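These are the residues of each chain, in order.
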Amino acid sequence: MAETTPDERKRRLGVLFGGSGLIGGTILNYFKQRRPGLADILAPNSKKVSLRNCNDIRAYLMTVKPDFVINSAITNIDSDSQLAFEVNYNGAVNIGRAASALKIPYIFFSSAATLPPGKNLTEEDQLPLTARLSNYAKSKLMAEKTLKYMHEHEGLDYSCLRLSVVYGNHDHKIQGFHRLLFSIADEAMPVLFTKKGTLHSYSNSRKIPYLIHHMLDNRDEFSGRTFNFVDRDPVDLGKLILSIKSHLQLKSPRAIYVPYPIARTGKNSVRVLLRLLTKIGLKASLPPELMFLGAFYRTQTLSSERLEASSFVDPLPDETVHSRLPEMLSYYLTRWSHQNLITTFDEKLHFDISIEKDFEENPQALLDSIHLDATAPFAAIAPGQEGFPGASHKD
Ligand SMILES: NC(=O)c1ccc[n+]([C@@H]2O[C@H](COP(=O)([O-])OP(=O)(O)OC[C@H]3O[C@@H](n4cnc5c(N)ncnc54)[C@H](OP(=O)(O)O)[C@@H]3O)[C@@H](O)[C@H]2O)c1
């Protein structure tokens, strides 16, 4: 790879780890579509640069010499301790070491998993670091602590954004809130597995790139600081589930709140069943919606005061998970129907009916019709046409 120095480049160059994920994809899309010309973003995937490998990180960043680096990579939420430690913690720290050496800003994403239950939790709140934490929470909490330490002792210019329940399009792994949407749409939730009045904070993925952009432009204000990034008003989980159900015009889940001890007994029974299946050679794991059952029964809300008091201006102040529901439901239901993950909404999501019919029943006729009029080179990029490289030069 050819080396360039920041002075030789016109636009800022950023490196983004985790660019194929929900948050990373949204950031990439912002810099490519919404703010083209602002910065070039390189987003190597985990095959090219694995955060498990310190040499990968160092060699890549030292060669590219970016102007800033963003880390939204994480390993799967249920990974074992080694993978969680290597990717979520060690990877995050090694990026910090490179950023420190290059003297560039480093934007790191953390999670409300580092926080206890409770209301209006601030950036100063943290869980105690104990052996009992999940691998995910432990690795994120340790990363928060080490990056702060590196800021204080090594002058690392970093900012930490703590997210809560994230909502937005392009979650291709169907995790967190989108797993909840999926379970309801798939009619796999007969009743409410939560307690009346349980509140959570929600983070709007669409707004995140605006904040990153602003933070990169205002390092004096944002360097060395953690910010909770959540919508101001917490969301009642039971009411949200019932609202999704009503948008989808489904009969379930019924408005019956299942007490936690009963739900936990059900979860433990599934766990025993899965262990038995493993013994006869069938490998299956606990559905993600059951893994975090406890969180459905605990209120956890984060204060957005610190960010509101900063110079950042919310670009979409009225947007909430409730206001975005119709658009997100349409996006995910279309996607999941096409992927044959759910069948309930097939009838509403047909693409051009004649094409679909021909594709299914008479592919030769469809092929012939396409050969007749839809295979010519795109006019705008054919030689001699405006827009084709070199078309305006007469040699
Ligand atoms: N989504 C949420 O609800 C939520 C809530 C709170 C906090 N967060 C935080 O937000 C951040 C982004 O989360 P997300 O939901 O966008 O994650 P995601 O959709 O699961 O994406 C994970 C990304 O990490 C990359 N990755 C995995 N293993 C890697 C490795 N060994 N080396 C390099 N890259 C690797 C993946 O790249 P490949 O595809 O190339 O493997 C993928 O791009 C994380 O820090 C997470 O803790 C998310």
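Structural data are supplied above this passage.
On a predicted model such as this, the values are computed, not experimentally measured, just so you know.

**Q** Help me understand the overall build of the protein, please; the structure alone is not making it clear to me.
**A** If you tally the helices and strands in the protein, you get 15 helices and twelve strands. Out of the 395 residues belonging to the protein, those deemed buried represent 44%. The long-range fraction of contacts in the protein, counting pairs at least 24 apart against all pairs at least 6 apart in sequence, stands at 79%. Summed over all atoms, the accessible surface of the protein reaches about 21500 Å², with 54% contributed by carbon and sulfur.

**Q** What exactly am I supposed to notice about the site of the ligand here?
**A** Around the ligand lies a shell of 26 residues, among which S20, I23, S46, Y136 and K140 are the nearest. Considering the ligand on its own, with 900 Å² of exposed area, one finds that the protein chains cover 87% of that surface. When contributions to the shell around the ligand are tallied by element, the ones reaching two or more residues are α1 (22-34), β4 (106-111) and α4 (135-154). Element by element, the count of residues in the shell around the ligand is highest for β4, at three residues. Of the residues in the shell around the ligand, the class split is eleven nonpolar, twelve polar and three charged.

**Q** Looking at this model, I keep getting lost on the pairing of strand β1 (residues 12-17). Mind explaining?
**A** In the case of a regular strand, side chains alternate between the two sheet surfaces. With five of six residues buried, β1 is to be regarded as a mostly interior element. Of the crossover connections in this fold, the one passing from β1 over α1 to the parallel strand β2 (residues 39-42) is right-handed. Of the strand pairs in this sheet, β1 and strand β3 (residues 68-71) are connected by four bridges, and their pairing is parallel. Across the sheet, the residue bridging to G14 is F68, located in β3.

**Q** What's the story with the environment of M150 in this structure? I'm lost.
**A** Looking at where M150 falls in the secondary structure, it is placed in helix α4. Contacts of M150, omitting those with residues within four sequence positions, involve V93, G96, R97, G155 and L156.

**Q** Before we go on, may I ask you to explain the pairing of β3 in this structure?
**A** Alternating positions in β3 separate into two faces, F68 and I70 on one and V69 and N71 on the other, with burial throughout. The pairing of β3 with β4 spans three bridges and is parallel. For I70, the partnering residue across the bridge sits in β4 and is I107. Considered for its hand, the β-α-β crossover made up of β3, helix α3 (residues 81-102) and β4 is right-handed.

**Q** I tried to follow the packing of aromatic side chains on my own but got confused; where do I start?
**A** The geometry of an aromatic ring pair is captured by two quantities: the separation of the ring centres and the angle between the planes. In this structure the tally under the stated criterion is 13 aromatic pairs. Centroid distance F182 to W336: 5.0 Å. Interplanar angle 85 degrees. Geometry classified as edge-to-face. A residue pair is termed long-range when its members are at least 10 positions apart, and F182 in helix α5 (residues 176-185) and W336 in helix α13 (residues 321-338) qualify at 154 residues. You can call F182 buried: its relative accessible area is 11%.

**Q** I'm lost on the environment of L133 in this one. Help?
**A** On the secondary structure map, L133 appears in the loop between β5 (118-121) and α4. Setting aside residues no more than four positions away along its own chain, L133 makes contact with L127, P128, K138 and L141.

**Q** What exactly am I supposed to notice about the pattern of salt bridges here?
**A** Between side chains of opposite charge, a pair can form as their charged atoms come close. As enumerated under the stated definition, the model contains 15 salt bridges in all. Between R162 and E144 there is a salt bridge; the shortest N-O distance is 2.8 Å. Here R162, found in strand β6 (residues 158-163), pairs with E144, found in helix α4; they are 18 residues apart in sequence, far enough to count as distant. By the burial criterion, R162 is buried, and E144 matches it. Between E308 and R232 there is a salt bridge, with its nearest N and O atoms 3.1 Å apart. You can see E308 sitting in helix α12 (residues 305-308) and its partner R232 sitting in the loop between β10 (225-229) and β11 (235-236), a full 76 residues away along the chain. According to the relative accessible area criterion, E308 is partly exposed, its value standing at 40%.

**Q** I keep staring at the sheet that holds β6 and nothing clicks. Help me out?
**A** Taken together, six strands build an open sheet; the order of strands is β2-β1-β3-β4-β6-β10 and the sheet is parallel. Two strands lie at the open edges of the sheet, namely β2 and β10, each paired on one side alone. Neighbour-to-neighbour, the strand axes of this sheet turn through a mean angle of 25 degrees, independent of strand direction. Lying over the sheet, helix α2 (residues 54-64) contacts β1, β2 and β3, oriented at roughly 165 degrees with respect to β1.

**Q** Is there a simple way to think about the side chain of T226 in this case?
**A** Structurally, the position occupied by T226 is in strand β10. For T226, a relative accessible area of 15% translates into the label buried. Ignoring sequence-local partners within four residues, the contact set of T226 consists of E123, Y158, C160, R162 and R306.

**Q** Is there a simple way to explain α4 in this structure?
**A** Owing to its 3.6 residues per turn, the α-helix brings residues three or four apart onto one side. Over its 20 residues, α4 runs 27 Å from end to end, which matches the ideal 28 Å to within 8%, given 1.5 Å per residue. The complete set of buried residues in α4 reads Y136, A137, S139, K140, L141, A143, E144, T146, L147 and M150. Those residues of α4 that are buried are in contact with α3, β4 and β6. One or two residues past the end of α4 sits G155, with phi positive at roughly 75 degrees.

**Q** Could you clarify how one ought to interpret α13 in this entry?
**A** Spanning 18 residues, α13 covers 24 Å between terminal C-alpha atoms, matching the ideal 26 Å at 1.5 Å per step. The sharpest bend along α13 comes to roughly 40 degrees, located at E327. Buried residues of α13: V321, R324, L325, M328, L329, Y332, L333, W336 and S337, and no others. Against β7 (165-167), α5, β9 (202-204), β11 and α8 (237-248) lie the buried residues of α13. With a side-chain oxygen lying 3.2 Å from the backbone nitrogen of H322, the N-terminal cap of α13 falls on T320. Of the residues one or two after α13, N340 is the one with positive phi, at around 60 degrees.

Cut-off values and rules
Residues numbered from 1 in each chain as written. Predicted model: local features only at pLDDT ≥ 70, side-chain atom pairs only at ≥ 80, totals over all residues. Heavy atoms only, no water. Helix = DSSP H or I, 4+ residues; strand = E, 2+ residues; numbered from the N terminus. Buried < 20%, exposed > 50% of the residue type's maximum accessible area, 1.4 Å probe, protein only. Contact = heavy atoms within 4.5 Å. Areas by Shrake-Rupley, 256 points an atom, 1.4 Å probe, with all protein chains shown as cover. Near = heavy atom within 4 Å. Nonpolar A, V, L, I, M, F, W, Y, C, P; charged D, E, K, R; others polar. Right-handed = clockwise from strand over helix to strand, strands pointing away. Pairing = 2+ DSSP bridges. Phe/Tyr/Trp six-rings, centres within 6.5 Å; stacked < 30°, edge-to-face > 60°. Salt bridge = Lys/Arg side-chain N within 4 Å of Asp/Glu carboxyl O. Axes fitted to C-alpha atoms, helices over the stretch in contact; angles between N-to-C directions. Expected span 1.5 Å × (residues − 1). Bend = angle between axes of the 7 residues up to and from the residue. Polar contact = N/O pair within 3.5 Å; in protein donor to acceptor, adjacent residues only side chain to side chain.

Shape descriptors only; they carry no functional weight alone.
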